[in-house]
Amino acid sequence: MLNFKELSGQQLNEIIDKGIEIKNNPEKYEKELSGKSSALIFQKTSTRTRVAFEVAMTQLGGHALYIDWRTTNFGIATVEDETRYLSRNVDCIMARLLRNADLVKMAASSRVPVINGCDEKYHPSQAVADLMIMKEKKGRLKGTRLVYIGIHNNVCNSLVEGCTKTGVKLTTVTPLHNEPSRDEELLEAARKTGLWETTSDVKAAVRDADFVYTDTWVDMEFFTDPKFAVEKEKRVKLMMPFQVNDELLKGSSAYVMHDMPIHRGYEITGDVVEGSKSIIYEQAENRLHAAKTILLKLLEKY
Ligand code: CP
């Protein structure tokens, strides 16, 4: 699962529904991955993705190996050779890599399923968790309205794919497209569904939304990078009018979502994070249940 391109809407809906079922009946799945191992390999930092997949493997009766890329020999050999070895020892690989191109090489060289744990283009396991919480809150996905406000990035791409495959009406308010994340094929497929629109009128977009979603303005690998400081400053200036705050949400009954980590005072205010419409922590909890449904699907348990 490098993105959702190989999944039909029906298959994605099945993954989401199964995730909700697993969340409500965790004991039924305690032994599903008994004797199975999953490698979790990280070239970038993570809190949620690491914890979710590691705990998911434990709660499914299997074993997860956390692997910090820098402590391996991936850096001094080819991705293909190292993956060929790795996939002879584990049943699944979850990888958070800097470059999608390396993930594609990894998937092509692997004998076992490879899950994208967030590269510069996509973040599919996040979108599964997001769609799960939306379905839990509204009882359906088809026809619900999500507004994404922020930079068009990897998270946005996976939302565009995930929403348009499951019938969610998505409006994106993205004054800037993070160029490394650009995928015209994905965007064109989404356009054809008629379910995705873009606008710069953030106030109008929010008015009838069921969910308002925002994300960081700077990707994790650049957040504290001094070489990115000028670009970061530029983005803050450009994006501040698009901050999710009480003023923007006045009159709206939308639930508020954020994939975390949160940068309070930038893309969202602390008041909104703590507000009564925030479902951010429930959304983040769903990363665990989403990891389980993805692992079980790819290991052919349903
Ligand atoms: N949302 C998300 O992927 O969180 P982490 O970067 O902490 O894994």
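Heads up: the structure comes first, above all this text.
What counts and how
- Residues numbered from 1 in each chain as written.
- Predicted model: local features only at pLDDT ≥ 70, side-chain atom pairs only at ≥ 80, totals over all residues.
- Heavy atoms only, no water.
- Salt bridge = Lys/Arg side-chain N within 4 Å of Asp/Glu carboxyl O.
- Helix = DSSP H or I, 4+ residues; strand = E, 2+ residues; numbered from the N terminus.
- Buried < 20%, exposed > 50% of the residue type's maximum accessible area, 1.4 Å probe, protein only.
- Core = buried A, V, L, I, M, F, W, Y, C linked by side-chain atoms within 4.5 Å.
- Contact = heavy atoms within 4.5 Å.
- Pairing = 2+ DSSP bridges.
- Axes fitted to C-alpha atoms, helices over the stretch in contact; angles between N-to-C directions.

Peer 1: How do you make sense of the pattern of salt bridges when you look at a structure like this?
Peer 2: If charged atoms from side chains of opposite charge come close, those side chains can pair. If you walk through the whole model with that rule in mind, you get 23 salt bridges. Across the pair glutamate 14 and lysine 297 runs a salt bridge, and its minimum N-O distance is 3.1 Å. Of this pair, glutamate 14 sits in helix H1 (residues 9-24) while lysine 297 sits in helix H12 (residues 280-298); the two residues are 283 residues apart in sequence, bridging distant segments of the chain. Judged by its relative accessible area of 35%, glutamate 14 is partly exposed. For arginine 50, the salt bridge is made with glutamate 54, and the minimal N-O distance between the two is 3.2 Å. Residue arginine 50 and its partner glutamate 54 are located together in helix H2 (residues 48-59), separated by four residues, close to a single helical turn. Taken together, the shared-partner salt bridges in this structure form one network comprising Glu179, Arg182, Glu184, Glu188 and Arg191.

Peer 1: Whenever I open this one, the nonpolar core confuses me. Can you help?
Peer 2: A general trend in soluble globular proteins is that nonpolar side chains are found buried together. Formed by 54 residues in total, the largest nonpolar core has its most connected members in Val128, Leu131, Met134, Leu146, Val160, Met257 and Leu295. With seven residues, helix H5 (residues 124-138) is the single largest residue contributor to this core. Apart from the residues lying within four places of it in its own chain, the contact partners of leucine 146 are Met134, Leu159, Cys163, Val168, Lys169, Leu170, Thr171, Phe211, Tyr213 and Met257. Core analysis: the second largest hydrophobic core is formed by 27 residues, Ile151, Val206, Phe228 and Met260 among them.

Peer 1: Explanation requested: unusual backbone geometry in the structure shown.
Peer 2: For residues other than glycine, phi is negative in most cases, and the peptide bonds are mostly trans. Residue proline 261 is bonded to the preceding methionine 260 through a cis peptide linkage, with omega at 5 degrees. Mapped onto the secondary structure, proline 261 falls in the loop between strand E9 (255-258) and helix H11 (270-274). As for its position among the elements, methionine 260 is in the loop between E9 and H11. On the basis of relative accessible area, methionine 260 is assigned to the buried category, the value being 16%. Phi at glutamate 300 is positive, roughly 60 degrees, even though this residue is not glycine. Topologically, glutamate 300 is positioned in the segment after H12.

Peer 1: Is there a simple way to think about the sheet that holds strand E4 (residues 114-116) in this case?
Peer 2: Two orientations exist for strands paired in a sheet by backbone hydrogen bonds: parallel and antiparallel. One open sheet holds the four strands; their spatial order is E2-E1-E3-E4, and the pairing between them is parallel. Each end of this open sheet is capped by a strand with a single partner; those strands are strand E2 (63-68) and E4. The mean angle between the axes of side-by-side strands here comes to 20 degrees, regardless of whether they run parallel or antiparallel. Two elements, strand E3 (residues 92-96) and E4, share three bridges in a ladder whose sense is parallel. Across the sheet, alanine 95 pairs through a bridge with asparagine 116, a residue of E4.

Peer 1: For this particular structure, what's the right way to read the pairing of strand E8 (residues 211-214)?
Peer 2: Consecutive side chains of a regular strand alternate in pointing toward one face of the sheet and then the other. Of the two faces of E8, both are covered, the one formed by Phe211 and Tyr213 as well as the one formed by Val212 and Thr214. Here four bridges tie strand E5 (residues 145-149) to E8, and the two strands are oriented parallel to one another. Residue pairing in the sheet places isoleucine 149 in a bridge with threonine 214 of E8. Sheet topology places E8 next to E9; four bridges connect them, and they run parallel. The partner of tyrosine 213 across the bridge, within E9, is methionine 257.

Peer 1: What am I meant to see in the environment of glutamate 82 here?
Peer 2: Turning to its location among the elements, glutamate 82 is positioned in helix H3 (residues 79-86). Those residues in contact with glutamate 82 that sit more than four places away from it in its chain are Asn73, Phe74 and Ala77.

Peer 1: Whenever I open this one, the sheet that holds strand E6 (residues 169-173) confuses me. Can you help?
Peer 2: Read across the open sheet, the five strands follow the order E7-E6-E5-E8-E9; overall the sheet is parallel. A strand with exactly one partner marks an edge of an open sheet, and here the two such strands are strand E7 (196-198) and E9. Averaged over all pairs of adjacent strands, the angle between strand axes in this sheet comes to 20 degrees, irrespective of strand direction. One ladder, built from three bridges, connects E6 with E7; its direction is parallel. Bridge pairing in E7 links threonine 172 to threonine 198.

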